[in-house]
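As a plain string of letters, each chain reads:
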Amino acid sequence: MVNIVVAVDESEESMRACEWACKHLLSVQADIQQSYNFILLHVQPTASVFTGPAYIPSFQVFELLEMQTKKTTQRILKRALNICDRYGVKAETHVVIGDAKERICEAAAKLGAQFLVVGSHGHGPFLRAIRGSVSDYCARNATCPVVVVNKKVFEG
């Protein structure tokens, strides 16, 4: 059984990575008659509110933020599942909470991934140095091969 984990978020890049995996990785699996688990992984950020001395958020504010975060997660997973459906791919979903870079690598290991597929925004070195790159982090830290799908790979 081959476990293919595809990290998805709100970006077009992650949806392209999902589509690429459906088209390319699973066609290879079908050719060799091997079964697979196709797992859509989403890292949900922790609900947080910036607080200061002048503002102490109420429980209702936290509840509202948490509800909004869950709706966003559901929307992202629904969109990715629709892509899978278009290609006849049966997928399961998995949601973790926290920092995307670390949680993606941790979840891929726990899920027994043979492949981790991530999208790449293609930011230049300046932004990558400031914000860091999820795909770079995963390529360096994941315990399985990482396929980074950028726009050129998707279109090629």
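Conventions we followed
Residues numbered from 1 in each chain as written. Predicted model: local features only at pLDDT ≥ 70, side-chain atom pairs only at ≥ 80, totals over all residues. Heavy atoms only, no water. Helix = DSSP H or I, 4+ residues; strand = E, 2+ residues; numbered from the N terminus. Contact = heavy atoms within 4.5 Å. Areas by Shrake-Rupley, 256 points an atom, 1.4 Å probe, with all protein chains shown as cover. Core = buried A, V, L, I, M, F, W, Y, C linked by side-chain atoms within 4.5 Å. Buried < 20%, exposed > 50% of the residue type's maximum accessible area, 1.4 Å probe, protein only. Pairing = 2+ DSSP bridges. Axes fitted to C-alpha atoms, helices over the stretch in contact; angles between N-to-C directions. Left-handed = near helix turned anticlockwise from the far one by under 90°. Nonpolar A, V, L, I, M, F, W, Y, C, P; charged D, E, K, R; others polar.

> Could you clarify how one ought to interpret the overall build of the chain in this entry?
Regarding its fold elements, the chain presents six helices and five strands. Start at the N end of the chain and walk to the C end: the helices and strands fall as β-α-β-α-β-α-β-α-α-β-α. At a minimum sequence separation of 6, the contacts of the chain that also span at least 24 residues come to 77%. Entry remark: accessible area of the chain is about 9,400 Å², with carbon and sulfur atoms responsible for 54%.

> So what exactly am I meant to see when it comes to the nonpolar core here?
Most often, soluble globular proteins have nonpolar side chains that are buried together. One finds Ile4, Val6, Val8, Cys18, Phe38, Leu40 and Val117 to be the most contacted residues of the largest nonpolar core, which totals 23 residues. Elements with a minimum of two residues in this core: β1 (2-7), α1 (12-31), β2 (36-44), α2 (59-86) and β5 (146-149). If you tally residues by element for this core, the top one is α1, at eight residues. Each residue touching Val6, except ones within four places of it in the same chain, is listed here: Ala17, Cys18, Ala21, Phe38, Ile39, Leu40, Leu41 and Val117. Counting 16 residues, the second-largest nonpolar core is a separate cluster that includes Ile39, Cys105, Ala108 and Leu116.

> Sorry if this is basic, but what is going on with the environment of Cys105 here?
Examined against the element boundaries, Cys105 turns out to sit in helix α3 (residues 100-110). A relative accessible area of 10% means that Cys105 is categorised as buried. Residues Cys105 and Val146 lie 41 residues apart in sequence; the distance between their C-alpha atoms is 9.9 Å. When near neighbours in sequence (up to four residues on either side) are disregarded, Cys105 contacts Tyr137, Cys138, Asn141 and Ala142.

> What exactly am I supposed to notice about the pairing of β5 here?
Note on strand geometry: in a regular strand, side chains alternate between the two faces of the sheet. Of the two faces of β5, only the one carrying Val147 and Val149 is buried; Val146 and Val148 on the other face are not. Two elements, strand β4 (residues 115-119) and β5, share four bridges in a ladder whose sense is parallel. Bridging from a neighbouring strand, Leu116 pairs with Val146 of β5.

> Got a minute to help me understand the sheet that holds strand β3 (residues 91-97) in this structure?
Adjacent strands of a sheet form backbone hydrogen bonds with each other and so pair up, either parallel or antiparallel. Taken together, five strands build an open sheet; the order of strands is β3-β2-β1-β4-β5 and the sheet is parallel. What marks the edges here is a single partner per strand, and that holds for β3 and β5. The average angle at which neighbouring strand axes cross in this sheet is 25°, direction not considered. Pairing geometry for β2 and β3, over seven bridges, is parallel. Counted as the bridge partner of Gln44 is Ile97 from β3.

> Which parts of the structure should I look at to understand the packing of α3 against helix α5 (residues 134-141)?
Geometrically, a packed helix pair is captured by the angle between its two axes and the distance between the axes. At a minimum axis distance of 9 Å, the contact between α3 and α5 shows a crossing angle of 40°. α5 is crossed by α3, and the crossing has right-handed handedness. Taking contact as the criterion, the partners of Ala100, Lys101, Glu102, Ile104 and Cys105 in α3 are, on α5, Val134, Tyr137, Cys138 and Asn141. Classifying every residue of the contact of α3 with α5 gives six nonpolar, one polar and two charged.

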